[in-house]
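Chain by chain, the residues:
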Amino acid sequence: MATLRQYMRDISPYLLLLVFVSTLGPLQFGYHLAELNAPQDVISCRVSKSSISMRLATAFGTWTSPSNSNRHATTAAVTALPGCIPMDDVQFAVVSSMFTLGGLAGALAAGPTASARGRLFSMRLTGLFFVAGSVLLTLGASITVMSIGRILSGVGAGAATVIVPIYISEVAPPRERGTFGAMTQVSINVGILGTQTLGYFLSSQSTWRWIFGIGILIATLQILGLLIIPESPAWLATHKNVTQAKRTLQRIRGKHYDIEEETTLWDSGVASPEEEALLDSSSAAIPSSGPRRVSISSIASGNSKSHLGFFDVVRDAQYHPALVAAMGVMCAQQLCGINSIIMYSVSLLKDLLPISSALLTIIISAINLFTTIACSPLPDKLGRKTCLLLSIFGQGLSALALALSIVFGAKILSAVAVLFFVAFFAVGLGPVPFILASEMVGPEAVGAVQSCCLGANYLATFLVAQFFPIINLSLNERFGGAGWVYFIFTGLAVLSGLFVLWRVPETKGKKDADEVWGRTRRLD
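Caption draft 1: Region of the structure containing the nonpolar core. Met 123, Ile 229, Leu 388, Val 449 and Tyr 486 are the most contacted members of the largest nonpolar core, which has 100 residues in total. Among the elements that make up this core, the one with the highest residue count is helix 9 (residues 143-171) (11 residues). Not counting the four nearest positions on each side in its chain, Ile 229 is found in contact with Tyr 14, Leu 18, Val 21, Leu 120, Met 123 and Tyr 167. Grouped together as the second largest cluster of nonpolar side chains are 9 residues, Val 242, Leu 249, Tyr 257 and Ile 259 included.

Next up, the structure:
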């Protein structure tokens, strides 16, 4: 009860507004990641519409066409764009994977931009990329235009996954920063669930463009919301605007909240080494959801002179174990196969399951969301490495069950295996990789290591998005039937588990990187 009272005292309605508006960025990451899944066959001219989409399109046309003249105008507007864009599996995979290439570029550029121009400016910039990408996708009539739209949306999404967690960590109260840090992953799953649901109802040649059009509305709402929220107080204080930073922080916390403890070091500009270490840990691309959080005062007073660049980290053998471990876990997150379900589940599971694959995809997305929320405390309770091993073991076992059930036609088992496959992802492989980088290296190297991790993550996502449908089709033709590709994911899960077991240390409860790796602190 005392904890609940403390929570209610620390949280103001204005803070909730800031979190809602800022997390519209990660929400669009999830939205655009999965937007091609349900309408894939319709967009690529393989089918015209599903039965549910046909009924909805008829009803939608009746509700929105009150007169003959309006009906003719609407028909003319729709027929100006093709009802579908002919694509084979390879071409569709290219369009889909362009999102991850844009995401890689956005993630790499976001950090320097957010540091130099501010978090708020950078988030507004992501909104413009989301709008531009959604417009091209809505109006696209060729593979080239669709690909460019996916790239632009990807740039906004990649940047949002870097900037928004930093912003949230800097405006959230220190005691609740872990809770609010989880909102990034939650909002991504909300976006995935939203676009999968829309795809279920709007997958027809006359309505699929509305899925992308709604993306324009979400991005516009984000931009308008970003006009009324403030810059991060930590960034303002770091850039010598302490008075404005205090005024902003007081508004966020509420007029009766004592901010003295959080701002005590802003005027002195001095921080202890421990605070500087925590500062850089919380300033990583995706913040830790654990208790190792720092007050906003230390965020504002960190010293950046000792920061190392990418090549400095690569040349220093001290950082090699952390670099290998962090990048390996990021790759494992994708190579265990989660995006084969998120991005391709409708076409993959079509005709294999006892219920509509599009409806099953909605159920999958809902389970992904709720298990993410439910499992968010586990890394702090069980440990990071334990959660990773449980997650990988569960996904590997689920992938094996899915492969066998599809090959032997056990449809109900296939559906259950897919649901467990997604649920186990939320136990560890979903949240933990974003925590580890800031806990395995010191403050001087966390930025470079986190950039490497995000680069590895987007590269692995690109590989899955680009080559999964191609390999899946090739194996199906070679061996006959479907499901063989999940034997590959089972093998990758085994390799990932061995990698985590041998190369990834436990970071829970460790005060710094030296304790994580069991070494004596360096004095230079």
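Now that the structure has been shown, the text picks up again.
Caption draft 2: Representation of the environment of Leu 459. Mapping Leu 459 onto the fold places it in helix 26 (residues 446-479). Residue Leu 459 is classed as partly exposed on the basis of its relative accessible area, which comes to 48%. C-alpha of Leu 459 to C-alpha of Leu 101: the two residues are 358 residues apart in sequence and 7.7 Å apart in space.

Caption draft 3: Fine view of empty space enclosed by the protein. Taken as a whole and judged by the stated rule, the model has 2 cavities of 30 Å³ or more. In this model, the largest cavity occupies a volume close to 330 Å³. Residue lining of the largest cavity: 24 residues in total, with Phe 29, Leu 33, Gln 333, Gln 334 and Phe 434 positioned closest to the centre. Counting residues per element, the lining of the largest cavity draws most heavily on helix 11 (residues 183-202), which supplies 5 residues. Split into classes, the residues belonging to the lining of the largest cavity amount to 12 nonpolar, 12 polar and no charged.

Caption draft 4: Structural context of the state of the cysteines. Overall, the coordinates contain 1 disulfide when judged by the stated rule. In this model Cys 45 forms its disulfide with Cys 84; the gap between the sulfur atoms is 2.0 Å. Residues Cys 45 and Cys 84 are joined through a disulfide that is right-handed, its torsion about the S-S bond being 105°. Pair noted here: Cys 45 is in the loop between helix 4 (40-43) and helix 5 (51-63) and Cys 84 is in the loop between helix 6 (68-79) and helix 7 (89-117), with a separation of 39 residues, a long-range link. A relative accessible area of 28% means that Cys 45 is categorised as partly exposed. Classification of Cys 84 by relative accessible area gives buried; the value is 18%.

Caption draft 5: Layout of the confidence of the model for the protein chain. Confidence in the prediction for the protein chain averages 80 pLDDT; 79% of positions are at 70 or higher. Note that residues 71-78 has pLDDT below 50 and, in this model, 1 contact with residues that lie over four places away or in other chains. Across residues 270-306 the pLDDT falls below 50, and counting only partners more than four positions away or on other chains, this stretch makes 101 contacts in the model.

Caption draft 6: View of the packing of aromatic side chains. Overall, the coordinates contain 10 aromatic pairs when judged by the stated rule. Centroid distance Trp 208 to Phe 212: 5.7 Å. Interplanar angle 85°. Geometry classified as edge-to-face. Given a relative accessible area of 0%, Trp 208 falls into the buried group. In this arrangement the basic side chain of Arg 117 is found over the ring face of Phe 121, its NZ or CZ atom lying 4.2 Å from the centre.

Caption draft 7: Structural view of the pattern of salt bridges. Applying the stated rule across the entire model yields 5 salt bridges. Asp 89 is the partner of Arg 46 in a salt bridge, and the nearest nitrogen-oxygen pair spans 2.7 Å. Taken together, the residues Arg 46 in the loop between helix 4 and helix 5 and Asp 89 in helix 7 connect sequence positions 43 residues apart. Accessibility expressed as a relative area gives 24% for Asp 89, which makes it partly exposed. One salt bridge connects Asp 312 with Arg 315, and the closest N-O pair in it is separated by 3.0 Å. You can see Asp 312 and its partner Arg 315 sitting in helix 18 (residues 310-315), 3 residues apart, about one turn around the helix. Take Asp 312: its relative accessible area is 31%, and that puts it in the partly exposed class. The class of Arg 315 is exposed, set by a relative accessible area of 60%. Connected through shared salt-bridge partners, Asp 41, Arg 46 and Asp 89 make up one network.

Parameters at a glance
Residues numbered from 1 in each chain as written. Predicted model: local features only at pLDDT ≥ 70, side-chain atom pairs only at ≥ 80, totals over all residues. Heavy atoms only, no water. Core = buried A, V, L, I, M, F, W, Y, C linked by side-chain atoms within 4.5 Å. Buried < 20%, exposed > 50% of the residue type's maximum accessible area, 1.4 Å probe, protein only. Helix = DSSP H or I, 4+ residues; strand = E, 2+ residues; numbered from the N terminus. Contact = heavy atoms within 4.5 Å. 1 Å grid on protein atoms, 1.4 Å probe; cavity = no way out; pocket = protein on both sides within 12 Å on 5 of 7 lines; lining within 4 Å. Points joined across faces, edges and corners; volume = space filled by probe spheres on them. Nonpolar A, V, L, I, M, F, W, Y, C, P; charged D, E, K, R; others polar. Disulfide = S-S within 2.5 Å. pLDDT = per-residue confidence, 0-100. Phe/Tyr/Trp six-rings, centres within 6.5 Å; stacked < 30°, edge-to-face > 60°. Lys NZ or Arg CZ within 6 Å of the ring centre and 35° of its normal. Salt bridge = Lys/Arg side-chain N within 4 Å of Asp/Glu carboxyl O.

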